[in-house]
Amino acid sequence: MAAAAMRPSRTESLPTDRLVRLTNCLLPVDGRLVPGSLLINSTTGIIVSPQDTFYDSKLPASSTVDLGGRLLVPGFIDVQINGAYGFDFSDASKSDEQYAKGLREVNRQFVSTGVTGYLPTITSQKDNVYHHTLPHLGPSPRDPSLGSSSLGAHVEGPFLNPDKNGIHPRHVLQTPKDGLHSLETVYGKDNLDKKIKMITLAPELLPPASLPSLPSVLASKNIVLSAGHSTATYSQLIASNINMITHLYNAMNQPQQREPGIPGAVLADATRSRYFGIIADGVHVHPANIKWAYKSNPSGLCLVTDAMSLLGLPDGEYVWGNGESIVKTGGVLTLKGTTKIAGSCVTLVECLNNFMRYTGIGIAEAIKCVTATPARMLGLEGVKGSLGAGADADLCVLDVRSDGAVSVEQVWKFGVKVFEKGARKGARPGVVELSRL
Amino acid sequence: MLLRWGQLNSKRTAATSNSSRLVEQTDPPLREAGGWNHRAPLRLSRTDLPTACKVANRRYHPPSQVFLRAVPIAIAKMRLIIRENKQQTSLWVAEYIVHRINAFKPSKDRPFVLGLPTGSSPELVYANLVKFYKNGRVSFKHVVTFNMDEYVGIPTSHPQSYHSFMFKHLFQHVDIPPSQIHIPSLENYQQYDDLIAKYGGIELFLCGVGSDGHIAFNEPGSSLSSKTRIKTLTKETIMANARFFDGNIEAVPKSAITVGVKTVIDAREVVLIADGRGKAEAVRQALEGSISHMWTVTALQMHPKFVMAVDEAATEELRVKTVKYFKEIEGDQDKPKAKL
C-alpha cells in the first residue's frame, strides 16, 4: 500500500515555506468546542505545532486567515461511497482515459461536500470490472489541486452472502473457496497489494481454515477486512477476528433475543476496538437504532453515505440502466411510480446533521464519527481526521445554523483552500445513464 | 541617604532619589540608558571595583583616571510591595514591568532585556501582560528575554517543559520575535551568561521563590556565586513535581539547567513575586534572615535594586515592625493608582 508515499517528505518547516494561521475559530478539542487558532504549512500540506515553529524554525505565520468565529474541523472521511456527480466508480464501460478524466472531475467537485478523503467503493461485479477500475482507485497523490483524495478502494463484494445481497445482483456473487487466493484472483494481486484499502465480505463464506488468519494477513497489507451482506451469527463474527462491519443493521440478521447477530457482537463490547459503518440518511436505519448503536459503542461509529452516483446532482428524474427511471428527492432515491428505495445519495454532512439530531450530541463529539473514528479504523490515526501537529491539513470550515445543523463553508486540502461557499459553480441538471445494475 | 565610595549598603533606607552627586563617569551607552546607574560599583568597596566592573561587563578605570562629573543616580533600595491577594500582587507586578519597559523606550539597537521565570505565581503576571499587550499598552517587539531554567531530558514540546509553559502563557500571545527569546538548554547553557552580557546584562529579572527559598533551580546549598549550569534535582523537588507528570516519579526529569544565583543578582533590577502562606517562611528569610546559601533568596539582600511583591498571606511570618516599615515607605497602597 502506498500509504507511506502519501506522507510529506519532511515534517519540519523551512523559512521558504508558506505558513497560514487560521484564527478566530472554534476547534473541537476533547469533545468540546474551544476558541483557538490552527497553524498549517501550505508547502508541506500538514498541520504544524505553533510552538515548534516558534522555537525551532523561528518562523512567524506568513498570512492569517480570519474564520469569523466559525468551526474549524478536520476534513470528512467517507469509507463507503459508490459514486458522485454522475460518475459511478463501478462503471467499466468507459475507456481508461474517460474513466480517469471522469474520476478527476468528480474528485474536484466532490471536495465541496467537505469530504477530503474517501474510499471509492465498487459493488459486486464481474472480475473484469475490478481489473478495469481498481487501477484508477488507489491512493491519490499529494496534490491539493486534485480535490478530494482516494485513500484506497473499498471492494464491497463479490464475496457476499446471496441471502443478504441487498441490491447486489446475485449472479455475480462468489464464494472465496481458496481464501486469500480467491481474493487475489478476483481483484488482481497487484490491486490487492497497492489499490485496495477495505474489503467487505461475508465471513461465513470463508473456508474455516483461512478465516482466523485472513484479517491479519490483509492487515499486513494495510487492508481492513469488514463483515457485511452476511448472515454471520454473534459467535461466528466474534471468532472471525473481523473488527469492522459494513453498514450496520443493513444486509444482516437483526438482533434476536437468543441470537444477537452481528449488531450484538459489535455493540456489546465497546472495549474491543470494533468499528461499524452506519448510514444515517434517515431511511436505511431507524434513528433509534443509530442512537442505540452510538450509545453502546461511541468510539466505533463511522458515518457513511453509501451514496450512488446521483450524489451532488440536482433533484429530478434519472434513467436507470435497465430502462426504469429513478426519482431523486433530496437524499432519497425511489423507483419511479413506486416507494421502493433505490439507494442513497445523501451527503456526509447531511448524515452528520441527521446523526446529531437523532442522538442529541453536539458537533464537537459528533464530528469524530466522520473524522477521527474512520481514520483510526483505517490505520490513519494522526494522519487524517485530526487537528494534531503532523496530520495532513485537510480541513473544513463549518457554519452552525440556529437549529444546530452545520453546513460546509470552506474546504482546505493539504493546507490550500480548495472550496469556498458562494464561489461554487452551479451543477447542471441532466439525465445520467446509470450503466450498472 | 547618600552613598559614598567604599561604603557598604548595610542599612536599607528611604531613598532620597533624584539627588545629584559626583560619581565615576560611565561609558556613554550606560548614561544613555535613562541616565540611571544602578550598577554594582556604587555599593562595593573600592577593592572590589575591578571585579564589579568585570561583572557589569565594563572597563575598569583606576581612580586616577576617573573623570568626575555630576549625574543623577538611583540610590540602592529595597522595596516590599504588599497587596491583598495573588491577583492584586500579579497585577502590580505586570503594571510595573510595563511601566519599566515603556520608560526604557526600547529600540532595535537598545532592547529591554528581561529575565523570566515559570511557575504558578508568574502565570498570572503573564496573563496580565498579555492583557496589557492586547490593549496596546505595551509592545515586546524590542524586548529580549532570558528564561531562568528548563528541565533536561524531556523534549521542548513536552507539555510540562518550560518552553511549553512560556509559549502557552506569554510568547504566543504577544509580538515578541522568536529570535529574541532565550531559554537555557544543553546546547547553550555554557554560553548563557556570556550571551546575557552581550546584550548588556539583564535590565529586570522577574523571579519566583520556592517555599525553601530557592530562586530558579538554585536549591538550598547552591553557591551564591553560581552561574548557569546543570543541576541535579533533589528528591523533594522530584516528588513535588510528580504531580505534573501524572504522578509518575519515573517520568519526572532528574536534572535541570538553571541560571545561577549570581546570574540573577547581576541583573540591574530584580522583581520577586511570592504569594500564599506556603511562601511566608521564604519571605521572612528573604527580608529578615541572614544571607545564607541555605536560603538562596537571601542573596538578593545584597542587590541594589530589589523589589519584592507579595500578598498578605505571604507576610504572615514577618514581624509586624517589618511590615509596618515597608508599608510606611511605600505610602498609601490602597489608592486606586498606586505608585509603581
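Residues numbered from 1 in each chain as written. Chains lettered and ligands numbered in written order. Predicted model: local features only at pLDDT ≥ 70, side-chain atom pairs only at ≥ 80, totals over all residues. Heavy atoms only, no water.

Under the annotation held in an unreviewed UniProt entry, chain B carries the name Glucosamine-6-phosphate isomerase and is attributed to Drechslerella dactyloides. Under the Catalytic activity (unreviewed entry) heading, UniProt states for chain B: "alpha-D-glucosamine 6-phosphate + H2O = beta-D-fructose 6-phosphate + NH4(+)". Its UniProt record gives chain B the following Sequence similarities (unreviewed entry) comment, quoted word for word: "Belongs to the glucosamine/galactosamine-6-phosphate isomerase family." (UniProt positions renumbered as here; feature names shortened; annotations may be inferred.)

Under an unreviewed UniProt entry, chain A has the name N-acetylglucosamine-6-phosphate deacetylase and belongs to Drechslerella dactyloides. Comment text from UniProt for chain A, heading Catalytic activity (unreviewed entry), reads "N-acetyl-D-glucosamine 6-phosphate + H2O = D-glucosamine 6-phosphate + acetate".

**Student:** In this structure, what is going on with the overall build of chain B? I would like to understand it.
**Tutor:** Each helix and strand counted, chain B has ten helices and twelve strands in total. Across the 340 residues in chain B, those meeting the buried criterion constitute 52%. A separation of at least 24 residues holds for 79% of the contacts in chain B among residues at least 6 apart in sequence. A total of about 15900 Å² of accessible surface is found on chain B, and carbon and sulfur atoms cover 52% of it. (Helix = DSSP H or I, 4+ residues; strand = E, 2+ residues; numbered from the N terminus. Buried < 20%, exposed > 50% of the residue type's maximum accessible area, 1.4 Å probe, protein only. Contact = heavy atoms within 4.5 Å. Areas by Shrake-Rupley, 256 points an atom, 1.4 Å probe, with all protein chains shown as cover.)

**Student:** What exactly am I supposed to notice about the overall build of chain A here?
**Tutor:** Each helix and strand counted, chain A has twelve helices and 23 strands in total. Considering chain A as a whole, with its 437 residues, one finds that 56% of them fall into the buried category. Summarising the internal contacts of chain A: among those between residues at least 6 apart in sequence, 70% fall at separations of at least 24. About 17000 Å² of surface is accessible on chain A, with carbon and sulfur atoms providing 52% of the total.

**Student:** What should I look at first to understand the UniProt feature "active site" (unreviewed entry) in chain A in this one?
**Tutor:** Using the residue numbers shown here, the UniProt feature "active site" (unreviewed entry) corresponds to A:Asp306. In this structure A:Asp306 touches A:Gln80, A:Asn82, A:Glu156, A:His247, A:Ile279 and A:Ser344, once residues within four positions along its chain are discounted.

**Student:** What's the story with the nonpolar core in this structure? I'm lost.
**Tutor:** If you look at soluble globular proteins, the nonpolar side chains tend to sit buried side by side. Residue and element names in this part refer to chain A. Grouped together as the largest cluster of nonpolar side chains are 87 residues, with contacts concentrated most on Phe76, Tyr187 and Ile199. Among the elements that make up this core, the one with the highest residue count is helix 10 (residues 348-359) (seven residues). Residue-level mapping places this core at the junction of two domains, with at least three residues from each of domain 1 (4-74 + 381-420) and domain 2 (76-374). (Core = buried A, V, L, I, M, F, W, Y, C linked by side-chain atoms within 4.5 Å. Domains from an automatic or database assignment.)

**Student:** Hey, could you run me through the interface of chain A and chain B in this one?
**Tutor:** It is common to report an interface's size as the accessible area lost on association of the parts. Between chain A and chain B, the residue contacts involve seven residues of the former and 13 residues of the latter. Across the chain A to chain B interface the summed buried area is about 830 Å²; carbon plus sulfur atoms make up 66%. Considering only residue class, the side of chain A that touches chain B consists of four nonpolar, one polar and two charged. (Buried area = accessible area lost by both parts, 1.4 Å probe. Nonpolar A, V, L, I, M, F, W, Y, C, P; charged D, E, K, R; others polar.)

**Student:** Is there a simple way to think about the environment of B:Lys141 in this case?
**Tutor:** All names here are of chain B. Residue placement: Lys141 occurs in the loop between helix 4 (120-134) and strand 5 (143-147). For Lys141, a relative accessible area of 49% corresponds to the partly exposed category. Here the alpha-carbon distance between Lys141 and Val174, two residues 33 residues apart in the chain, equals 8.6 Å. With sequence-adjacent residues up to four places away left out, Lys141 is seen in contact with Asp175, Pro177 and Gln180.

**Student:** Please clarify how the packing of helix 4 of chain B against helix 5 (residues 162-169) of chain B should be interpreted in this entry.
**Tutor:** Each pair of packed helices gets described by two things: the angle between the helix axes and the distance between those axes. All names here are of chain B. Contact geometry of helix 4 with helix 5 gives a least axis separation of 9 Å together with a crossing angle of 35°. Within the contact between the two elements, helix 4 uses Glu123, Tyr126 and Val130 and helix 5 uses Phe165, Met166 and His169. Residues of the contact of helix 4 with helix 5, tallied by class, amount to four nonpolar, one polar and one charged. (Axes fitted to C-alpha atoms, helices over the stretch in contact; angles between N-to-C directions.)

**Student:** Can you help me understand the environment of A:Met308 in this one?
**Tutor:** Residues and elements named next belong to chain A. As for its position among the elements, Met308 is in the loop between strand 16 (301-304) and strand 17 (316-319). Given a relative accessible area of 5%, Met308 falls into the buried group. In the structure, Met308 is positioned 34 residues away from Ala342 in sequence and 9.3 Å away in space, judged by C-alpha atoms.

**Student:** Explain the sheet that holds strand 10 (residues 255-258) of chain B to me, please; I cannot follow it from the model alone.
**Tutor:** Strand pairing in a sheet relies on backbone hydrogen bonds, with the paired strands running either antiparallel or parallel. All names here are of chain B. In space, the three strands of this open sheet follow the order 6-10-9, with antiparallel pairing throughout. Both outer strands of the open sheet, strand 6 (149-152) and strand 9 (229-232), are each paired with one neighbouring strand and no more. The sheet shows a mean angle of 30° between the axes of neighbouring strands, direction not considered. Sheet analysis places strand 9 next to strand 10, joined by four bridges and oriented antiparallel. Looking at strand 10, one finds that Arg229 is bridged to Thr258. (Pairing = 2+ DSSP bridges.)

**Student:** Quick question: what am I supposed to make of the packing of aromatic side chains here?
**Tutor:** The description of an aromatic ring pair uses the distance of the two centres, along with the angle that the planes make with each other. Counting across every chain of the model gives 22 aromatic pairs over all chains. Both rings, one in A:Phe54 and one in A:Tyr55, keep their centres 5.4 Å apart while their planes meet at 80°; by these two values the pair is edge-to-face. On the accessibility criterion, A:Phe54 (9% relative accessible area) is buried. Above the plane of the ring of A:Phe414 lies A:Lys413, whose end atom (NZ or CZ) is 4.5 Å from the centre. Its end group placed over the ring of B:Phe132, B:Arg137 keeps NZ or CZ at 4.3 Å from the ring centre. (Phe/Tyr/Trp six-rings, centres within 6.5 Å; stacked < 30°, edge-to-face > 60°. Lys NZ or Arg CZ within 6 Å of the ring centre and 35° of its normal.)

**Student:** Explain helix 1 (residues 50-57) of chain A here, please?
**Tutor:** Listed as buried for helix 1 of chain A are A:Gln51, A:Thr53, A:Phe54 and A:Tyr55. At its buried positions, helix 1 of chain A is contacted by strand 1 (19-29) and strand 2 (32-41) of chain A together with helix 5 and strand 7 (181-182) of chain B. Directly beyond the C-terminal end of helix 1 of chain A, a positive phi value near 50° is found at A:Lys58.

**Student:** What is the right way to look at the UniProt feature "binding site: Zn(2+)" (unreviewed entry) in chain A in this model?
**Tutor:** Residue and element names in this part refer to chain A. Feature annotation in UniProt places "binding site: Zn(2+)" (unreviewed entry) on Glu156, His229 and His247, given in this structure's numbering. Taking the farthest pair of C-alpha atoms as the criterion, the annotated set spanning 92 residues converges on one region, since that pair is 10.8 Å apart. Relative to the helices and strands, Glu156 is located in strand 11 (residues 153-156). Among the polar contacts made by the side chain of Glu156, one reaches the side chain of Gln80 at a distance of 3.1 Å. Among the structural elements, His247 can be located in the loop between strand 14 (244-245) and helix 8 (261-267). The residues contacting His247, other than those within four sequence positions of it, are Gln80, Glu156, His229, Met252, Gly277, Ile279 and Asp306. (Polar contact = N/O pair within 3.5 Å; in protein donor to acceptor, adjacent residues only side chain to side chain.)

**Student:** What exactly am I supposed to notice about the packing of helix 9 (residues 287-296) of chain A against helix 10 of chain A here?
**Tutor:** Residues and elements named next belong to chain A. In the contact formed by helix 9 and helix 10, the axes pass within 9 Å of each other and the chain directions differ by 80°. Of the possible angle classes, the one that applies to helix 9 and helix 10 is roughly perpendicular. When helix 9 is examined against helix 10, the residues Pro287, Ile290, Lys291, Tyr294 and Lys295 are found in contact with a partner set consisting of Phe355, Tyr358 and Thr359. (Parallel < 35°, antiparallel > 145°, perpendicular 65-115°, else oblique.)

**Student:** Would you explain the confidence of the model for chain B in this entry?
**Tutor:** Caution applies to low-pLDDT parts of the model: their predicted coordinates are not meant to be read in detail. In the predicted model, chain B carries a mean pLDDT of 83, and 76% of its residues have values of at least 70. Low confidence marks residues 1-50 of chain B, where pLDDT is under 50. Its contacts with residues over four positions away, or in another chain, come to 104 contacts. (pLDDT = per-residue confidence, 0-100.)

**Student:** Before we go on, may I ask you to explain the pairing of strand 19 (residues 332-335) of chain A in this structure?
**Tutor:** Look at any regular strand and the pattern is simple: side chains alternate between the two faces of the sheet. Residue and element names in this part refer to chain A. Across four bridges, the pairing between strand 18 (residues 325-329) and strand 19 is antiparallel. Opposite Lys328, over in strand 19, you have Leu333 as the bridge partner. Linking strand 18 back to strand 19 in an antiparallel pair, the connection comprises two residues, with Gly330 at a positive phi of about 65°. Relative to strand 20 (residues 341-344), strand 19 runs antiparallel, the two sharing two bridges. The residue of strand 20 that forms the bridge with Thr334 is Ile341. The turn linking strand 19 back onto strand 20 is made up of five residues, and Gly337 within it adopts a positive phi angle of 85°.

**Student:** Explanation requested: helix 9 (residues 280-288) of chain B in the structure shown.
**Tutor:** Three or four residues apart is the spacing at which side chains of an α-helix point the same way, because the helix has 3.6 residues per turn. Every buried residue of helix 9 of chain B is accounted for by B:Ala280, B:Ala282, B:Val283, B:Gln285, B:Ala286 and B:Leu287. Buried residues along helix 9 of chain B sit in contact with strand 3 (77-83), strand 11 (270-274), strand 12 (305-311) and helix 10 (320-330) of chain B.

**Student:** Help me out: how do you make sense of the pattern of salt bridges in this one?
**Tutor:** Where charged atoms from two side chains of opposite charge approach closely, those side chains can pair. Residues and elements named next belong to chain A. Following the criterion strictly, the structure yields 31 salt bridges over all chains and no others. For Glu105, the salt bridge goes to Arg108, with nearest N and O atoms at 3.7 Å. Separated by three residues within a single helix, Glu105 and Arg108 lie in helix 2 (residues 96-110), roughly one turn from each other. What you see here is one network of salt bridges that share partners, running through Arg7, Arg142, Lys384, Asp392, Asp394 and Lys413. (Salt bridge = Lys/Arg side-chain N within 4 Å of Asp/Glu carboxyl O.)

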